[in-house]
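Examination of the molecular architecture
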Amino acid sequence: MKFTIAVIPGDGIGPEVITQAKKALNAVAEAYDHIFLYKEAQLGSCAIDATGGPLPKKTIEICKKADAILFGAVGDPKYDNDPSAKVRPEQGLLQLRKELDLFCGVRPLKAYNNLIANSPLKREIIKNTDFIIFRELTGGIYFGKKELSEDMQSASDLSTYTVDEISRVAHLAFQAAQKRKKKVTLVDKANVLETSRLWRKTVTEIAKEYSDVSLEYLFVDNAAMKMILNPKHFDVILTENLFGDMISDVASALCGSIGLMASSSIGNENALFEPIHGSYNQAKGKDIANPLASILSAGMLLKYLGLHEEADAIERAVDKSLALGITTEDIKRKIQSSTSTSKVGDFIADYITNQDDSNMNFKNIHMGQSTII
Ligand SMILES: NC(=O)c1ccc[n+]([C@@H]2O[C@H](COP(=O)([O-])OP(=O)(O)OC[C@H]3O[C@@H](n4cnc5c(N)ncnc54)[C@H](O)[C@@H]3O)[C@@H](O)[C@H]2O)c1
Ligand SMILES: CC(C)[C@H](C(=O)O)[C@@H](O)C(=O)O
Ligand SMILES: [Mg+2]
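Residues numbered from 1 in each chain as written. Chains lettered and ligands numbered in written order. Predicted model: local features only at pLDDT ≥ 70, side-chain atom pairs only at ≥ 80, totals over all residues.

Some remarks on the site of ligand 1
Around ligand 1, 21 residues are found, and the nearest of them are Gly75, Gly259, His277, Gly278 and Asn290. Here the shell around ligand 1 is composed, by residue class, of 9 nonpolar, 7 polar and 5 charged. Here the shell around ligand 1 spans two domains, since at least three of its residues come from each of domain 1 (1–100 + 270–373) and domain 2 (108–260). (Near = placed C-beta within 6 Å. Nonpolar A, V, L, I, M, F, W, Y, C, P; charged D, E, K, R; others polar. Domains from an automatic or database assignment.)

This is the structure we're talking about:
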């Protein structure tokens, strides 16, 4: 089959990790006889440099025409460290989410058996953790009116939610729970925020349509604590935009590194796939960033296109790289040395091509100073 994929490498480590995800997609294309046509587009700091704005019109056009979008990361310290900058790279990503109405952020977290020792949590606490965050992505405080007073002595960000905005993401969360352990945890701050109370009321009503799914409520501060003390408590977490951003980074740390956590941003017409991490500019160009979150995002993209077997091939290759310890430094095992971003990508692509490891020459895969055999 033939698919057009919009590819937005973005800033910092974005291009490096997206190169590895494309290697995996190319290996899938070859092994399963598909054609992936890549249309590259700019977004973020690189787009500001090239066009003056973070989201060129051309990028929107390319994304709208594509079957799916693969995205790296945005952000640059020159904007992070300048609170008065009016144009910012992140605005490009937020505008794209809004423009394409990508209202549902899906962020799965699974504890890999081969990485249990890399978790900051005790083995018995992290083992078998498997939950998924449904994060509302186009509403709330991210998109409300922002104001800075003329004397610059006060500022405000407005958070607004409508019943419709809450309902559409809630339905997707309940439907996902029906295929999993049948439990939705609504994470909010209903003891303080009016928007959270609207979330509770709306989600409680919707839950009646899913009698096979149980609904529980947790305040976000308690949820963050529980995620560390007892992550197995969770199945599907449903939450608003800002809380979803925060708890997904907390979740990513549980399995050992944010460099492992993939995501999709789903709308009715389009879908974008991206690692949840940022542009990690300290690592830019060093070939040390973990590419697995991007590679796994490419796997989610394949599932979205209906290519389930192909997505499984990516997941198997990732599992194998973890089993063999062919990993970047953020998840290396104590007794092993790490390898580079590009070598991890090469391994994954080779493994997909060969479908197993019997034809592979591991001697080519250098583990820092040593080789793995
Ligand atoms: N979706 C996005 O594009 C996105 C997400 C988060 C942050 N940002 C932007 O990225 C820039 C940097 O933000 P930040 O430092 O807060 O977050 P970050 O995710 O870029 O990095 C935080 C830390 O996570 C680790 N990390 C991140 N990606 C990794 C990878 N692939 N492999 C190994 N370790 C990894 C590193 O230890 C890093 O110091 C900012 O400009 C921010 O706005 C963009
Ligand atoms: C870059 C930023 C706008 C973005 C967000 O806050 O949504 C990021 O942190 C994420 O998690 O995708
Ligand atoms: Mg984030």
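Following the structure, the description resumes.
Section: helix H10 (residues 241–254)
Counted at 1.5 Å a residue, the expected span for H10 with its 14 residues is 20 Å, and the 21 Å between its end C-alpha atoms agrees. Buried within H10 we find Asn241, Phe243, Gly244, Ile247, Ser248, Ala251, Ser252 and Leu254. Buried residues of H10, seen end-on, are gathered within an arc of 160° and therefore sit on one face of the element. Close packing links the buried residues of H10 with strand S4 (104–110), helix H6 (123–126), strand S5 (130–136), strand S8 (183–188), helix H9 (220–229) and strand S10 (236–239). Among the residues trailing H10, Gly256 stands out with phi positive, at a value near 120°. (Helix = DSSP H or I, 4+ residues; strand = E, 2+ residues; numbered from the N terminus. Expected span 1.5 Å × (residues − 1). Buried ≥ 20, exposed ≤ 12 C-beta atoms within 10 Å, placed from the backbone. Arc of directions from axis to C-beta. Contact = placed C-beta atoms within 7 Å.)

Structural notes on the site of ligand 2
As a matter of local geometry, ligand 2 sits amid Val74, Glu90, Leu93, Leu94, Asp245 and Ile276. Counting residues per element, the shell around ligand 2 draws most heavily on helix H5 (residues 89–99), which supplies 3 residues. Of the residues contributing to the shell around ligand 2, the split by class is 4 nonpolar, no polar and 2 charged.

Topic: the domain arrangement of the chain
With domains assigned, the chain is organised as domain 1 (1–100 + 270–373) and domain 2 (108–260). Placing a centre on the C-alpha atoms of domain 1 and another on those of domain 2 gives a separation of 24 Å. Contacts between domain 1 and domain 2 engage 15 residues on the former and 16 residues on the latter. Mapped onto the side of domain 1 that touches domain 2, the elements with two or more residues apiece are H5, helix H11 (292–304) and helix H12 (308–324). Counting residues per element, the side of domain 1 that touches domain 2 draws most heavily on H5, at 3 residues. Considered class by class, the residues forming the side of domain 1 that touches domain 2 number 8 nonpolar, 3 polar and 4 charged.

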